[in-house]
Amino acid sequence: MHLILAHYKGKRIYRLRTDLRNITIGRQPGNDITLEYRGVSSCHATVNFNGPQIYVTDLETLNGTWYDGQKIKKIGQVIPIGDQITIEGVNITFVE
């Protein structure tokens, strides 16, 4: 089971507990995590959970998905549990 938290300007806006192996993040309804912010693409990023590893892929978006101050450019950027990515000011933390 995975726990994902999203914060915007210090306020928690999303909490997802899931046992899905793959999730999508984007502005469009139907994504596992829907972020209704102007700079978020319809289908913005994917997250793959493979055992203890988390892999994030930006779907070639204009504004990007950021990790550790850098734009994610490769497919399947490894994100350690406890770390976060940022999409248009929304901080998404992979808690467990």
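Residues numbered from 1 in each chain as written. Predicted model: local features only at pLDDT ≥ 70, side-chain atom pairs only at ≥ 80, totals over all residues. Heavy atoms only, no water.

Peer 1: Honestly, the sheet that holds strand E4 (residues 33-34) in this entry has me stumped. Any pointers?
Peer 2: Paired through backbone hydrogen bonds, the strands of a sheet run either parallel or antiparallel to each other. Reading across from one edge, E4-E3-E5-E6-E9 is the order of the 5 strands in this open sheet, with mixed pairing throughout. Two strands close off the open sheet at either side, each with one partner strand: E4 and strand E9 (77-78). Pairing between strand E5 (residues 45-50) and strand E6 (residues 53-58): 6 bridges, direction antiparallel. Counterpart to Asn-50 in the pairing with E6 is Gln-53. (Pairing = 2+ DSSP bridges. Helix = DSSP H or I, 4+ residues; strand = E, 2+ residues; numbered from the N terminus.)

Peer 1: For this particular structure, what's the right way to read the sheet that holds strand E8 (residues 70-71)?
Peer 2: A sheet is described by the order of its strands in space; here 6 strands give the open sequence E2-E1-E11-E10-E7-E8, paired in antiparallel fashion. Lying at the two open borders of the sheet, with one neighbouring strand each, are strand E2 (11-18) and E8. Sheet topology note: the strand E1 (residues 2-8)/strand E11 (residues 90-94) ladder contains 5 bridges and is antiparallel. What sits directly across from Tyr-8, in E11, is Val-90.

Peer 1: Explain the side chain of Thr-65 to me, please; I cannot follow it from the model alone.
Peer 2: Examined against the element boundaries, Thr-65 turns out to sit in the loop between E6 and strand E7 (66-67). Reaching out from Thr-65, the side chain makes a polar contact with the side chain of His-44 at a distance of 3.4 Å. In terms of polar contacts, Thr-65 uses its side chain to reach the side chain of Asp-58, at 2.6 Å. Apart from the residues within four sequence positions on either side, Thr-65 is in contact with His-44, Ala-45, Val-56, Asp-58, Gln-70, Lys-71, Ile-72, Ile-85, Thr-86 and Ile-87. (Polar contact = N/O pair within 3.5 Å; in protein donor to acceptor, adjacent residues only side chain to side chain. Contact = heavy atoms within 4.5 Å.)

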